Amino acid sequence: MAIQSLCEAVHCRHDRQSGKPQPRTAASGQRLCLVCRARLKEDLVRLPGLYEGCEEVLSPARSGITERVSSGRARQGIRLNEAPLQARSDMVAVLASWAGAIVAERGVTGLPRREVGTLAAFLARHLDWLAAHPAAGECAAEVRRVTNVARSALAPRPAVPQELGPCPFTDCEESVRTSPGPDLTHVVRCGAGHVLPPDRWLLLSGRA
Ligand SMILES: [Zn+2]
Ligand SMILES: [Zn+2]
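This section reports on the structure supplied with the text. Keep in mind that this is a model prediction, so the values were computed, not measured. (Residues numbered from 1 in each chain as written. Chains lettered and ligands numbered in written order. Predicted model: local features only at pLDDT ≥ 70, side-chain atom pairs only at ≥ 80, totals over all residues. Heavy atoms only, no water.)

### What about the coordination of the zinc ion (ligand 2)?
Part 1: Protein coordination at the zinc ion (ligand 2) comes from Cys167 (SG), Cys172 (SG), Cys190 (SG) and His194 (ND1), with a distance range of 2.0 to 2.3 Å.
Part 2: Because the angles between the four donor atoms bound to the zinc ion (ligand 2) fall within 108 to 112 degrees, the donor set is best described as tetrahedral.
Part 3: Motif for the zinc ion (ligand 2), donor spacing along one chain: C-x4-C-x17-C-x3-H. One end of the pair, Cys167, is in the loop between strand S1 (162–166) and strand S2 (175–180); the other, Cys190, is in strand S3 (residues 186–190), with 23 residues separating them in the sequence. Just as Cys167 is buried, Cys190 falls in that class too. (Donors = N, O, S within 2.8 Å, 3.2 Å for Na, K, Ca; no water. Tetrahedral: all angles 85-135°; square planar, octahedral: opposite > 155°, others 65-115°. Helix = DSSP H or I, 4+ residues; strand = E, 2+ residues; numbered from the N terminus. Buried < 20%, exposed > 50% of the residue type's maximum accessible area, 1.4 Å probe, protein only.)

### Side note on the pattern of salt bridges
As a working rule, side chains carrying opposite charge can pair if their charged atoms are close by.
Part 1: Taken as a whole and judged by the stated rule, the model has seven salt bridges.
Part 2: Between Arg88 and Glu55 there is a salt bridge whose closest N-O contact spans 3.8 Å. Placement of Arg88 in helix H3 (residues 74–106) and of Glu55 in helix H1 (residues 34–58) is noted, with a sequence separation of 33 residues between them.
Part 3: In this structure Glu55 comes out as partly exposed when scored by relative accessible area, which is 42%.
Part 4: For Asp90, the salt bridge identified is with Arg145, shortest N-O distance 3.6 Å. Placement of the pair is Asp90 in helix H3 and Arg145 in helix H6 (residues 136–154), with a sequence separation of 55 residues. (Salt bridge = Lys/Arg side-chain N within 4 Å of Asp/Glu carboxyl O.)

### Topic: the packing of aromatic side chains
Part 1: The full count for this structure, using the stated rule, is zero aromatic pairs.
Part 2: The cationic tip of Arg88 hangs over the ring face of Tyr51; the distance from NZ or CZ to the ring centre is 3.9 Å. (Phe/Tyr/Trp six-rings, centres within 6.5 Å; stacked < 30°, edge-to-face > 60°. Lys NZ or Arg CZ within 6 Å of the ring centre and 35° of its normal.)

Listed below in structure tokens is the structure:
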């Protein structure tokens, strides 16, 4: 039987039922499977846009459900704005460290400018090398992490689950929390599973 190495990205396939890692076979000569490699490339392509998006969120003039839900809770508003700031600096740090590794280990000249678009494009050009690097799994995971952090920072609710108050459903004694949903959405539901549609969030903010 031929020896096949497995993909080293921690976010590679997981068993749907048990949640246990079930990594795919790595692509020939690489340490990532084709899916994780494609994902890494997609993340690199998407990061500059997310970086820009985080800049817009930082603007204090932004209005919307976030401000309305958090009205009267000034501290929460401050916390919300730290997320995109952190996401931006994480992104630059991760991309710059891998760009540095490429320059140092490949003998490539010209370290790219410390700017997200330039760094991400530089990494994408060296994707084959990155995917075969002994730390390829780590690279894929770090890029994935900063991508996810930026996406949650752009979501109208913070990534960290937050208590919003008691569940308004009759006879329910659980409290309602917010948590990130797929893409840029978020879910507001109580411990018993009652999901609250957006038009009821305002009711909560008044009571929390
Ligand atoms: Zn994989
Ligand atoms: Zn409930």
